[in-house]
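# Understanding the architecture of this molecule
Spelled out from the first residue to the last, the chains are:
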Amino acid sequence: MALITVSNLSIGYDSREILKDLDFQIHMGDYLCIVGENGSGKTTLMKTFLGLKDPIDGQILFGDGLHPNEIGYLPQQTLIQSDFPASVKEIVLSGCLGHSKNRIFYTKEERLLADKNIKKMGISHLKNQSFSTLSGGQKQRVLLARALCATKKIILLDEPVAGLDPRVTSDMYKLIHDLNKQGITIIMISHDVGCALKYASHILHIGENTFFGTKKEYLQSNVGRIFLAEQEEYARNA
Ligand code: ADP
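In this text, all values refer to a predicted model and were calculated from it rather than measured experimentally. (Residues numbered from 1 in each chain as written. Predicted model: local features only at pLDDT ≥ 70, side-chain atom pairs only at ≥ 80, totals over all residues. Heavy atoms only, no water.)

### Description of a negative patch on the surface
A surface patch of negative charge is lined by E17, D21, D23 and D57. Considering every element that reaches the negative patch, the biggest residue donor is strand β2 (residues 16-26), with three residues. In this fold, D57 is placed in strand β4 (residues 57-62). (Patch = residues over 30% accessible without salt bridge, like charges linked within 9 Å, V, L, I, M, F, W, Y side chains within 5 Å. Areas by Shrake-Rupley, 256 points an atom, 1.4 Å probe, with all protein chains shown as cover. Salt bridge = Lys/Arg side-chain N within 4 Å of Asp/Glu carboxyl O. Lys, Arg positive; Asp, Glu negative; His and termini not counted. Charge placed at Lys NZ, Arg CZ, Asp CG, Glu CD. Helix = DSSP H or I, 4+ residues; strand = E, 2+ residues; numbered from the N terminus.)

### A closer look at the nonpolar core
L144 and M188 are the most contacted members of the largest nonpolar core, which has 49 residues in total. Contact partners of L144, with chain neighbours within four places excluded, come to L74, M121, I155, L157, M172, L175, I176 and L179. Counting 23 residues, the second-largest nonpolar core is a separate cluster that includes V6, L22, I34 and I187. (Core = buried A, V, L, I, M, F, W, Y, C linked by side-chain atoms within 4.5 Å. Buried < 20%, exposed > 50% of the residue type's maximum accessible area, 1.4 Å probe, protein only. Contact = heavy atoms within 4.5 Å.)

### Concerning the site of the ligand
Around the ligand, the neighbouring residues are Y13, R16, I18, E37, N38, G39, S40, G41, K42, T43 and T44. Interatomic distance of 3.2 Å between a side-chain N/O atom of Y13 and a nitrogen atom of the ligand. Side-chain polar atom of T44 to an oxygen atom of the ligand: 2.5 Å apart, as the coordinates give it. Protein burial of the ligand: of its 560 Å² of free accessible surface, 59% is covered by the chains. Elements that contribute at least two residues to the shell around the ligand include exactly β2 and α1 (42-49). Considering each element in turn, the shell around the ligand owes the most residues, three residues, to α1. Classifying every residue of the shell around the ligand gives two nonpolar, six polar and three charged. (Near = heavy atom within 4 Å. Polar contact = N/O pair within 3.5 Å; in protein donor to acceptor, adjacent residues only side chain to side chain. Nonpolar A, V, L, I, M, F, W, Y, C, P; charged D, E, K, R; others polar.)

### Considering the packing of helix α4 (residues 136-150) against helix α5 (residues 166-181)
In contact at an axis separation of 10 Å, α4 and α5 are set at 15° when each is read in the N-to-C sense. Judged by the inter-axis angle, α4 sits roughly parallel to α5. As α4 runs across α5, the sense of the crossing is right-handed. For the pair formed by α4 and α5, the contact residues are G137, Q140, R141, L144 and L148 on the first element and V168, D171, M172, L175, I176 and L179 on the second. Classifying every residue of the contact of α4 with α5 by side-chain character gives seven nonpolar, two polar and two charged. (Axes fitted to C-alpha atoms, helices over the stretch in contact; angles between N-to-C directions. Parallel < 35°, antiparallel > 145°, perpendicular 65-115°, else oblique. Left-handed = near helix turned anticlockwise from the far one by under 90°.)

### Notes on the pairing of strand β8 (residues 202-205)
Working note: regular strand, side chains alternate between the two faces of the sheet. Residues H202 and L204 line one face of β8 and the alternating positions I203 and H205 line the opposite face, and both faces are buried. Sheet topology note: the strand β3 (residues 31-35)/β8 ladder contains four bridges and is parallel. Its bridge partner lying in β8, I34 is registered against L204. Bridge count for β8 against strand β9 (residues 211-214) is four bridges, and the pairing is antiparallel. Bridging from a neighbouring strand, L204 pairs with F212 of β9. (Pairing = 2+ DSSP bridges.)

### Regarding the state of the cysteines
Considering all chains together, one arrives at zero disulfides under this definition. Of all cysteine sulfurs, the one in C149 lies closest to C96, which takes part in no disulfide; the gap is 4.2 Å. Here C96 falls in the buried class, since its relative accessible area comes to 0%. (Disulfide = S-S within 2.5 Å.)

### Some words on the sheet that holds β4
Ordered in space as β2-β1-β4, the three strands form an open sheet in which the pairing is antiparallel. For this open sheet the edge positions go to β2 and β4, each flanked by a neighbour on one side alone. With strand direction ignored, the average angle separating the axes of adjacent strands in the sheet is 25°. The pairing of strand β1 (residues 4-13) with β2 spans seven bridges and is antiparallel. Counted as the bridge partner of Y13 is R16 from β2. Sitting on the sheet, α1 is in contact with β1, β2 and β4, with an inclination near 120° to β1.

The following block contains the structure:
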């Protein structure tokens with residue numbers, strides 16, 4: 001069974017439809033990149049996945065034992081308060097909150113899990129440091145460790161490399177690729193089609209024309225070919 005089945009989905013704000021008739025499935029271990037023009041509805045789709053917005057029509061079904069509160073989420077940098085007055089350890093631990101019902105204390109297991117994910121992201125030396133003092137790349141590692149506390153199965157990332165320099169961007173992509181190799185399903189919004197084509201197994205292109213399929217199918221599709229040509233043209237003129 002698929003991890004996520006999207007059927008006949010229409011999304012938007014109030015009754016204004018942004019996207020309609022979306023149909024696709026995501027399986028355990030997939031690496032899905034969501035691409036498309038600015039304003040096409042990528043973030044709105046992510047919010048609908050997370051249950052922060054109701055669909056206008058259609059449904060999102062979770063299968064393969066996935067519970068909606070087992071989704072790790074790494075929001076856009078712009079949505080993160082970078083002067084948030086908390087330590088790295090506290091931010092990572094807060095990823096466990098989705099599992100605890102009205103508890104204010106963390107269990108020993110949750111503390112061990114946070115430690116394990118801090119180590120996995122290579123940020124043990126920053127554990128007691130204030131989040132606000134970190135670089136952009138370090139902050140993203142902290143937020144990935146936090147997302148890993150929420151899930152062992154699937155992580156949603158919204159533009160995870162926005163504002164990072166090329167070396168840190170490349171490290172971040174490798175880290176995400178490693179998580180995927182360890183079996184974690186990845187759904188990532190990306191402006192960077194080059195990266196999408198390097199690492200993704202599947203592409204969802206949303207906009208005037210919508211496409212869902214494997215990376216190979218995308219490269220052979222009209223939607224994919226036109227979008228890639230536009231992106232290359234844009235990069236040449238930038
Ligand atoms: P993307 O992530 O692809 O850039 P968004 O999902 O952010 O696109 O936005 C899709 C459309 O929804 C845009 O036209 C945007 O103006 C509109 N939109 C985004 N957030 C809201 C909101 N909170 N209320 C009403 N419209 C919104």
